[in-house]
Amino acid sequence: MPDPSVPPTPAVPLSALLAREDLALRQIAGPTEPDVVIHWAHTSEMADPYPYLLGGELLLTAGVHIPEAAGSGTYFDDYVSRIVEAGGTALGFGLAPVHDTVPRALVAACESFGLPLLEVPPRTTFSGVARAVWQLMAQARLAELRRVTEAQQSLAAAASRPDPVPSVLRQLAQRVGGWAGLYGPEGTLIAAAGREPGAEAQAALADLTGVVRPRTDATASTPDSPGAVGGRTAAGGGRAGTAPADREAPRERGQAASAPASGAAAPAAPGIRAAGVAPRERGQAAPTSTAPARSTAAPASATDTVAGAHLAAYALAPSRGFVLGVAAPRRDPADHTIASVAAVLLSLLTGEQQSGTGAARTSALVRLLLGAAPEAVAPLLGTAPWLVVHARPDSPGAPDPVAASALGAALGSPLVDLAGDVVRVLVPADREPAPRPGWTLGVSDPATPAEWPAADTRAARALARARATRTPLVRHGARPGLADLVPHDEAASHARVLLGPLAHTPALVDTLRAWLSLHGSWDRTAVALAVHRNTVRQRIARCAALLGTDLDDPDVRMELWFALRQ
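Below is a short write-up of the structure. On a predicted model such as this, the values are computed, not experimentally measured, just so you know. (Residues numbered from 1 in each chain as written. Predicted model: local features only at pLDDT ≥ 70, side-chain atom pairs only at ≥ 80, totals over all residues. Heavy atoms only, no water.)

So, the overall build of the protein chain
Then step 1. Secondary structure summary: the protein chain contains 18 helices and 22 strands in total.
Then step 2. Within the protein chain, buried positions represent 43% of all 566 residues.
Then step 3. For the protein chain, restricting intrachain contacts to residue pairs at least 6 apart in sequence, the fraction spanning at least 24 positions comes to 66%.
Then step 4. In the structure as shown, the protein chain presents an accessible area of about 27700 Å², 56% of it carried by carbon and sulfur atoms. (Helix = DSSP H or I, 4+ residues; strand = E, 2+ residues; numbered from the N terminus. Buried < 20%, exposed > 50% of the residue type's maximum accessible area, 1.4 Å probe, protein only. Contact = heavy atoms within 4.5 Å. Areas by Shrake-Rupley, 256 points an atom, 1.4 Å probe, with all protein chains shown as cover.)

Focus on the packing of helix α16 (residues 522-529) against helix α17 (residues 533-547)
Then step 1. In the contact formed by α16 and α17, the axes pass within 8 Å of each other and the chain directions differ by 105 degrees. Accordingly, the angle class assigned to the pair α16 and α17 is roughly perpendicular. From α16, Trp522, Asp523, Thr525, Ala526 and Leu529 reach across to α17, where they touch Arg533, Val536, Arg537, Arg539 and Ile540. (Axes fitted to C-alpha atoms, helices over the stretch in contact; angles between N-to-C directions. Parallel < 35°, antiparallel > 145°, perpendicular 65-115°, else oblique.)

A closer look at the pairing of strand β9 (residues 189-194)
Then step 1. Relative to β9, strand β8 (residues 179-183) runs antiparallel, the two being bridged by five bridges. Within β9, the residue paired with alanine 180 across the bridge is alanine 193.
Then step 2. Here β8 folds back onto β9 in antiparallel fashion, the turn holding five residues, of which glycine 187 has a positive phi close to 90 degrees. (Pairing = 2+ DSSP bridges.)

Description of the sheet that holds strand β22 (residues 473-475)
Then step 1. Pairing in this open sheet of five strands is mixed, and the strands run β19-β20-β18-β21-β22 from one edge to the other. Two strands close off the open sheet at either side, each with one partner strand: β19 (416-419) and β22. This sheet shows a mean twist of 20 degrees between the axes of neighbouring strands, independent of strand direction.
Then step 2. The pairing of strand β21 (residues 439-443) with β22 spans three bridges and is classified as parallel.

Some points on a negative patch on the surface
Then step 1. A cluster of acidic residues, Asp550, Asp553, Asp555 and Glu559, forms a negative patch at the surface.
Then step 2. With respect to the helices and strands, the residue aspartate 555 is situated in helix α18 (residues 554-564). (Patch = residues over 30% accessible without salt bridge, like charges linked within 9 Å, V, L, I, M, F, W, Y side chains within 5 Å. Salt bridge = Lys/Arg side-chain N within 4 Å of Asp/Glu carboxyl O. Lys, Arg positive; Asp, Glu negative; His and termini not counted. Charge placed at Lys NZ, Arg CZ, Asp CG, Glu CD.)

Considerations on the side chain of threonine 305
Then step 1. Inspection of the secondary structure puts threonine 305 in strand β15 (residues 301-306).
Then step 2. Polar side-chain contacts of threonine 305 include one of 3.4 Å to the side chain of histidine 310. (Polar contact = N/O pair within 3.5 Å; in protein donor to acceptor, adjacent residues only side chain to side chain.)

Digging into the packing of aromatic side chains
Then step 1. Going through the model one piece at a time under the given rule, you end up with four aromatic pairs.
Then step 2. On the basis of an interplanar angle of 5 degrees and a centroid distance of 6.3 Å, the ring pair of tyrosine 75 and tyrosine 79 is categorised as stacked. On the criterion of helical spacing, the pair formed by tyrosine 75 and tyrosine 79 is a turn pair, its members being four residues apart in helix α2 (residues 75-85). Here tyrosine 75 and tyrosine 79 have matching classes, each one buried.
Then step 3. Connected via pairs of aromatic rings, a cluster forms that spans Tyr75, Phe76 and Tyr79.
Then step 4. Over the face of the ring belonging to tyrosine 50 we find arginine 82, whose NZ or CZ atom lies 4.1 Å from the ring centre. (Phe/Tyr/Trp six-rings, centres within 6.5 Å; stacked < 30°, edge-to-face > 60°. Lys NZ or Arg CZ within 6 Å of the ring centre and 35° of its normal.)

Concerning the side chain of serine 517
Then step 1. Relative to the helices and strands, serine 517 resides in helix α15 (residues 506-517).
Then step 2. The exposure class assigned to serine 517 is buried, which follows from its relative accessible area of 17%.
Then step 3. Ignoring anything within four residues of it in the chain, the contact list for serine 517 reads Arg465 and Trp561.

As for helix α3 (residues 104-113)
Then step 1. Every buried residue of α3 is listed here: Leu106, Ala109 and Cys110. In an axial view of α3, the angular spread of the buried residues amounts to 95 degrees, which keeps them on one side of the axis. In this structure, α3 carries Arg104 and Ser112 as exposed residues pointing more than 90 degrees from its buried face.
Then step 2. On its buried face, α3 is in contact with β2 (26-29), α2, β6 (90-94) and β7 (117-120).
Then step 3. Glycine 114 occupies a position one or two residues after α3 and carries a positive phi of about 70 degrees. (Arc of directions from axis to C-beta.)

A few points about the packing of α15 against α18
Any two packed helices are characterised by how steeply their axes cross, that is the angle between the axes, and by the distance between the axes.
Then step 1. As a packed pair, α15 and α18 sit with axes 10 Å apart at the nearest point and diverge in direction by 120 degrees. Overall, the two elements α15 and α18 adopt an arrangement that is oblique. In the packing of α15 onto α18, the handedness of the crossing is left-handed. Residues Val509, Leu512, Arg513, Trp515, Leu516 and Ser517 of α15 touch α18, and the partners they reach there are Arg557, Leu560, Trp561 and Leu564.
Then step 2. Split into classes, the residues belonging to the contact of α15 with α18 amount to seven nonpolar, one polar and two charged. (Left-handed = near helix turned anticlockwise from the far one by under 90°. Nonpolar A, V, L, I, M, F, W, Y, C, P; charged D, E, K, R; others polar.)

Thoughts on the sheet that holds β7
Then step 1. Here we have five strands laid out as an open sheet, ordered β2-β7-β6-β5-β4, and mixed in their pairing. Where the open sheet ends on each side, the last strands, each with one partner, are β2 and β4 (40-43). This sheet shows a mean twist of 30 degrees between the axes of neighbouring strands, independent of strand direction.
Then step 2. Bridge count for strand β5 (residues 57-61) against β6 is four bridges, and the pairing is parallel. When the bridges of β6 are listed, leucine 58 appears paired with alanine 90.
Then step 3. α3 contacts β2, β6 and β7 of the sheet and is inclined by roughly 80 degrees relative to β2.

Brief notes about the nonpolar core
Then step 1. In this structure, Leu155, Leu169, Leu172 and Leu324 are the most contacted members of the largest nonpolar core, which totals 30 residues.
Then step 2. If you list the elements that add at least two residues to this core, you get α4 (126-159), α5 (164-176), β8, β9, β16 (309-315), β17 (323-328) and α8 (333-350).
Then step 3. With eight residues, α8 is the largest single contributor of residues to this core.
Then step 4. In this structure leucine 172 touches Leu155, Ala180, Leu324, Val326, Ile338, Ala339 and Ala342, once residues within four positions along its chain are discounted.
Then step 5. One finds Ala29, Ile66, Leu106 and Ala109 within the second-largest nonpolar core, a separate group that totals 21 residues. (Core = buried A, V, L, I, M, F, W, Y, C linked by side-chain atoms within 4.5 Å.)

Observations regarding helix α6 (residues 199-212)
Then step 1. With 14 residues, α6 should cover 20 Å at 1.5 Å per step; its first-to-last C-alpha distance of 21 Å lies within 8% of that length.
Then step 2. All buried positions along α6 are accounted for by Ala201, Ala204, Leu205, Asp207, Leu208, Thr209, Gly210, Val211 and Val212. (Expected span 1.5 Å × (residues − 1).)

Let's talk about the environment of alanine 192
Then step 1. Tracing the sequence through the fold places alanine 192 in strand β9.
Then step 2. C-alpha of alanine 192 to C-alpha of leucine 182: the two residues are 10 residues apart in sequence and 6.3 Å apart in space.
Then step 3. Sequence-distant contacts of alanine 192, defined by excluding residues within four places in its chain, comprise Leu169, Trp179, Ala180 and Gly181.

Next up, the structure:
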């Protein structure tokens, strides 16, 4: 879970606040490193502000709480030490109306305890400083969102290239300013891109991939296996021989560790942080068992810091052991989000390709391209019959490949086709599609492989009806009882004769079908066909003229609808 004490906005560098000319703040004591950041500004005139601080604050005070004899005792040392202990990032001291200058003892105390001390001039209000902090946070948040959006677009484009895996790794390494590698189920490095980290960081990252890789009980209890204590440690330790002090603490002075995005759990312990895994003490042996080996749960991601490199490993479910490793000079929420997007794409690219179903689908595609009939290829894909689903996103714009793949996964099928603004999914008939938030769906009736083209047409009609009626999901209806009373050949012959005048104008047939299915609504038919309502009126009038009949007659409508459904 994210740390509730940290606001959902990026931290602001103290240097950015000092650079604001309208505030005229001046640092007069404490460290001036560029990595000093603040999460918010807080005003307090308490002699001991510790109980009211969460950490990461720029504490603002006018010195009202300072007694007259404070400079001759330990008052300022006690005051500053309590701020540092509470995790305060910096102290701002306002001049006037209480003090004309910053007390020298306070300057000395801040210098001694390493707390940045800012002089706030009389013309600058504390509320103005707080407002500037939030303005800088908003700007940083906007820049972060823009960076993540651009990265998502570039990663999705990379995934559609002829060499998708290397392209995604190159884009990821570029976006995080570091190195990205794909590790196979056996722990070997398959592909990599970016600036290669040092040998120590490489070895640590290889160890880290073992933390998130699914493994059996027998493997986990083997001393030399990744994730076992004795050779390498899993969660809570690190590589053998590395002191805990070399690890990155999850919370440094006033700055909470970044919470993983996309549902991952928060860091478990200093050092290697693995979502969902309890830390094990250094030197504590992993439990052994004589029971048959079985798969054990592994965290979805884990992080570590070695030799100045921030390391992260992401399990590529359901890819049977593939892991994404990232080494970067920094780690912030945007970097984690970008890496998570890359992990999802790589999961799609690697997960099914190594499975039997992936091989079967590839074989089916090759056979279709070489001229095999769909009914001969269908057994490779599973049991028939199938449903054809047409989907369009409710939001403006065409769906992207990631959204289309996610929709297919939600419907229970990887057989997804993204064509323009419509996503088509071939779903086994035993997996009944349900409405999906953000999508409008049209579902065909169950069809055998030989009937797939007709089912595709019926799914398109169902989608058009769903959009016209603003319904999340519309299923193509079963054949009405009236049709069962007439032999199919006779009904088809009657339909050909009745609709003969329209046979050479498919647009008129489609318009008449949509208009009748929507109970003669001009507006809904226009929406379903993506044409103007006047065009619908003209086409229906043309149909009435060619058929020589009154389309307002319910008997005529019923007969035409019966014919159109053959």
